[in-house]
Amino acid sequence: MFFNLNSNKMFFYFILFFSTLISISANSWLGCWIGLEINLLSFIPLISNSKNLLSSEAALKYFLTQSIASINFLFSILLKMILLKNFEMNNLFSILINSSMLMKMGSTPFHFWFPNIIEGLSWFNCFILMTWQKISPMILLSYYMNNNFLMFIMIFNVIVGSMGGINQTSLRKLMSFSSINNLGWMLAALMMTENLWIFYLMMYSFLISIMCFLFNMLNIYYINQLFIMNMKFSLKMSLLINFLSLGGLPPFLGFFPKWIIINFLIMNKLFIISFIFIMMSLIMLFFYIRIMYSSIMFNYLKMKWFKNFMKNHLLLIMNIFSMISLLGMIISTFMYM
């Protein structure tokens, strides 16, 4: 299945879920910090696997990076409490607190741990790291934003996300760079309004969940496995549609939140930023299309030992999701009428 359930894992998923809620509903910075710590300590047992060296290494790396970010965050808030009696806005401290949050969620310039760690995770853990683990740092970031600093970070995120993904052969790394790119869009949405950010995160989580679910079902981790795959054509089409939707091509659902963000950016006269965002989306689309084009056009090999375990009801679910992606833009256009 998508992930193995046992009471142990269930317990940690439960804590993972509630620690985020603790963090975002805390009424003091210390409460936020405690929530983040519990979140970190509940995610580590989920990713570490004694049978797999890569995931053990990923767990250790994750622990180190998140600890450094947590220490940085705690140091910043304590220093701020000591030096500034009340919490007025201060450039240096806002950059410090923002940086620790950016490191927590794997944003550029602190993104180097992110693809490395994702490389050692299962698809379900990748999904959690790319979606749920972004929530609490994002909310804490919105409490104390340094807009000028975040504008630079946004631009760097979309550039690094699109450039880093070009030369990747591992699908997990590719999805992680896609996540870094989408983080830039999310930060832009967060600067506009929190509702827009929640909407973008929900859309992104939906699309990423389809991709992770599909890759997990077919047990695919590298691009060349897509060529060898004896996939049904409908499955390849569904993969293509969801990839294009993730990249933000207009008739698909993924374009809708990006459209709203571009609209907001232009309304606020941030023309250069919106231009960079659109150009980088084009690069993302380029490497998504390159993967799918090769996958559809190549003459595949059918290995004797390869069994396609894609059951019919799962295929039906994938096709329904693809239809939602495809018709999403049309449905959302009706919302505006």
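Parameters at a glance
- Residues numbered from 1 in each chain as written.
- Predicted model: local features only at pLDDT ≥ 70, side-chain atom pairs only at ≥ 80, totals over all residues.
- Heavy atoms only, no water.
- Helix = DSSP H or I, 4+ residues; strand = E, 2+ residues; numbered from the N terminus.
- Buried < 20%, exposed > 50% of the residue type's maximum accessible area, 1.4 Å probe, protein only.
- Contact = heavy atoms within 4.5 Å.
- Salt bridge = Lys/Arg side-chain N within 4 Å of Asp/Glu carboxyl O.
- Axes fitted to C-alpha atoms, helices over the stretch in contact; angles between N-to-C directions.
- Parallel < 35°, antiparallel > 145°, perpendicular 65-115°, else oblique.
- Left-handed = near helix turned anticlockwise from the far one by under 90°.
- Nonpolar A, V, L, I, M, F, W, Y, C, P; charged D, E, K, R; others polar.

Some details on the overall build of the chain
Each helix and strand in the chain was counted, giving 15 helices and zero strands. On the principal axes, the C-alpha backbone points of the chain span a range of 70 × 50 × 35 Å. Among the 337 residues that make up the chain, the fraction classed as buried is 55%. Long-range pairs, those at least 24 residues apart, make up 77% of the contacts in the chain between residues at least 6 apart in sequence.

Quick word on the pattern of salt bridges
Per the stated rule, a full pass over the model turns up two salt bridges. Glu 57 serves as the salt-bridge partner of Lys 61, at 2.9 Å between the closest nitrogen and oxygen. A residue pair is termed a helical-turn pair when its members lie 3 or 4 positions apart in one helix, as Lys 61 and Glu 57 do in helix 3 (residues 53-83) at four residues. Overall, the relative accessible area of 40% leaves Glu 57 in the partly exposed class. Across the pair Glu 119 and Arg 172 runs a salt bridge, and its minimum N-O distance is 3.9 Å. Highlighted residues: Glu 119 in the loop between helix 5 (113-118) and helix 6 (123-130) and Arg 172 in helix 9 (residues 171-192), separated in sequence by 53 residues.

Describing helix 6
Taken across its eight residues, helix 6 has eight buried, putting it largely inside the fold. Considered for burial, the residues of helix 6 that qualify are Trp 123, Phe 124, Asn 125, Cys 126, Phe 127, Ile 128, Leu 129 and Met 130. In this structure, the buried side of helix 6 is in contact with helix 1 (7-25), helix 2 (29-47), helix 3, helix 5, helix 9 and helix 10 (194-218).

Describing unusual backbone geometry
Omega for the peptide link from Thr 108 to Pro 109 comes to -15°, which places this bond in the cis form. Unusually for a residue other than glycine, Asn 219 sits at a positive phi of about 60°. As for its position among the elements, Asn 219 is in the loop between helix 10 and helix 11 (223-228). One non-glycine residue, Lys 269, adopts positive backbone phi at about 60°. Its location among the elements puts Lys 269 in the loop between helix 13 (255-267) and helix 14 (271-297). Overall, the relative accessible area of 64% leaves Lys 269 in the exposed class.

Description of the side chain of Ser 136
Relative to the helices and strands, Ser 136 is located in helix 7 (residues 135-143). Ser 136 gets classed as buried once you look at its relative accessible area, which sits at 2%. Sequence-distant contacts of Ser 136, that is, excluding residues within four places in its chain, are made with Thr 20, Ser 23, Ile 24 and Leu 36.

Concerning the packing of helix 13 against helix 14
Two elements in contact, helix 13 and helix 14, have axes separated by 8 Å at closest approach and are oriented at 155°. When the axes of helix 13 and helix 14 are compared, the pair comes out roughly antiparallel. Seen from above, helix 13 lies across helix 14 with left-handed handedness. Of the residues in helix 14, those in contact with Lys 258, Ile 262, Leu 265 and Ile 266 of helix 13 are Phe 271, Ile 273, Ser 274, Phe 277, Ile 278 and Ser 281. Within the contact of helix 13 with helix 14, the residues separate by chemical class into seven nonpolar, two polar and one charged.

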